[in-house]
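# Structural description and commentary
Single-letter residue listing:
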Amino acid sequence: MEGSGREEKGRRRRGGEEEKRKREEAPSDLERSTMALQGVRVLELAGLAPGPHCGMILADFGAQVIRLDRLGHQGKTWMARGKRSLALDLKRPEGVSVMRRLCKRMDVVMEPFRPGVMEKFGLGPEILLKDNPRLIYARLSGFGQLGRLSKVAGHDINFLALSGVLSKLGRSNETPYAPLNLLADFGGGSLTCALGIVLALYERTQSDKGQVIDANMVEGTAYLSSFLWHSKNLVFWNQPRGKNILDSGAPFYETYRTSDGKFMAVGAIEPQFYALLIKGLGLNCDELPNQLSISDWEETKKKFADAFAKKTQAEWCNIFDGTDACVTPILSLEEAALNEHNQERGTFFTDEHHNVSPRPAPLLSRTPAIPSTKRDPMEGEHTKEILQEFGFSEDEINQLDSDKIIETSTPKANL
């Protein structure tokens, strides 16, 4: 049996190496293909995390994304991979005129402000869609464009709270907690906004008309939680917070510390997987309560915890590797990039400055994303270049520069 296990590992390793080799050879062919959003022009107004992330997604899949930055904030932009930067003063009429001129040739405008901000600039959707009826105008906000909270400040944790999802996150003896700012900002915000943009672009191929997208973190997060709403009366969620199968209540869906201070993640929900978990832990099913006996879960957790504490993470990986026990190591970000499975798939890539990032997902077989490996642009680095592309004359650009309507930034050479 041990020999056959080693042979299976060898076959998986050779298969992974073959897949990795093909992925490494692919760029030369991929560069000659067309990415999914090739030719789509996007103007992203600079903002906090969700907006830049949405723009990065579009850029990764081939869109030509121009980030419109404010004047006086020169520095490295955030999540600006594959974008170019134009610094423009929208508080002055000349700056507004420049943006309107740009938007006449844009496919998408994405703004991250509270309702009414763009209207004060004279750049609301009514005006820009009149200039360009095919324009997709994406509005990414916290509480949405309408409603009593629409103009109130908030952050991920507030949007998460109002969506109802935060009430479900946390252990039974603790207050609810937010999982970083991943759920509302990025899941309910940037990803949902990117989906809305792609949907609107597709619909435009049939109608030849643009439209306005109201993407907001509260509703996006609530939509992500549809599963909770439809299963709240089922076995998954019929107990208080922290007492259910998927929210840390069950011993077979939990994390455990190993003898070397690391952790393992257990997700053995199905009976056949649970049996493999028990076998791997060296326990006896006949000496344990029924898997779904909620009243015995805490005691079972203690037995599992005692078992996991007797071996290192590496030892547990050897025991459960290749099984269906649904037991995996909890990896740090650095460890995830070095993980054998992730390396075989090319899940992470390294840019020219040796920074590691997750490869764009999902993977499209014919027109996959090709993320830029170049450094992020400085704010205003491409101002003149972009204006020239959009038909501004040298005299116009010089006048805008002289009047401080635009700003340029030149990267310093590393000597």
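Report follows, based on the coordinates. On a predicted model such as this, the values are computed, not experimentally measured, just so you know.

### A closer look at the side chain of Ser190
- In this fold, Ser190 is placed in helix α7 (residues 182–207).
- In contact with Ser190, not counting residues within four places along its chain, are Pro50, His53, Cys54, Leu140 and Asp185.

### Notes on the side chain of Arg84
- Note that Arg84 resides in strand β3 (residues 84–88).
- One polar contact links Arg84 to Glu389, side chain to side chain, over a distance of 2.7 Å.
- When residues no more than four places from it in sequence are discounted, the contact partners of Arg84 are Val65, Ile66, Arg67, Pro377, His382, Glu385, Ile386 and Glu389.

### Thoughts on the sheet that holds strand β12 (residues 406–407)
- Overall, mixed pairing links the seven strands, which are arranged β6-β5-β4-β1-β2-β3-β12 in an open sheet. Pairing within the sheet leaves two strands with one partner each, and these edge strands are β6 (211–216) and β12.
- Relative to β6, strand β5 (residues 136–141) runs parallel, the two sharing six bridges. Within β6, the residue paired with Leu140 across the bridge is Ala215.

### Structural notes on the sheet that holds strand β7 (residues 253–257)
- Pairing is antiparallel across the open sheet formed by three strands, whose spatial order is β7-β8-β9. Each edge of the open sheet carries a strand with a single partner, namely β7 and β9 (327–329). Neighbour-to-neighbour, the strand axes of the sheet open up by a mean angle of 25°, direction not taken into account.
- Bridging between β7 and strand β8 (residues 263–267) involves five bridges; their strand directions are antiparallel. When the sheet's bridge partners are listed, Arg257 is paired in β8 with Phe263.

### Examining the pattern of salt bridges
- Counting across every chain of the model gives 18 salt bridges.
- With a shortest N-O distance of 3.6 Å, Glu335 and Lys262 are connected by a salt bridge. In this pair, Glu335 sits in helix α13 (residues 333–338) while Lys262 sits in the loop between β7 and β8, placing the two residues 73 residues apart along the sequence.
- A salt bridge links Arg375 to Glu381; the shortest N-O distance between them is 2.7 Å.
- Classification of Arg375 as partly exposed rests on a relative accessible area of 33%.
- Using a relative accessible area of 22% as the deciding quantity, one classes Glu381 as partly exposed.
- A single network of salt bridges, built from pairs that share partners, joins Glu44, Arg67, Asp69 and Lys83.

Parameters at a glance
- Throughout, a residue's number is its position along its own chain's written sequence, starting from 1.
- Given that this is a predicted model, residues contribute local features only at a pLDDT of at least 70 and side-chain atom pairs are listed and counted only at 80 or more, while totals for whole chains, interfaces and linings are drawn from all residues.
- Hydrogens and water molecules were not included; the side-chain quantities draw on all heavy atoms of the structure.
- Numbering of helices and strands runs from the N terminus; a helix is a DSSP stretch of H or I covering at least four residues, while a strand is a stretch of E covering at least two.
- Working rule for contacts: check all heavy atoms of both residues, and any pair within 4.5 Å makes them a contact.
- Any pair of N or O atoms that falls within 3.5 Å is considered a polar contact. Within protein, one atom must be able to donate a hydrogen and the other to accept it, and sequence-neighbouring residues count only if both atoms are side-chain atoms.
- In this scheme, strands are said to pair when DSSP sees at least two bridges between them.
- Here an angle of 0 to 180 degrees is reported between the N-to-C directions of two axes, which are lines fitted to C-alpha atoms, with helices fitted over the stretch in contact.
- Salt bridge, as used here, is a side-chain nitrogen of Lys or Arg placed within 4 Å of a carboxyl oxygen of Asp or Glu.
- Each residue is placed in one exposure class: buried if its accessible area under a 1.4 Å probe, protein chains only, is under 20% of its type's maximum, exposed if it is over 50%, and partly exposed if it falls in between.

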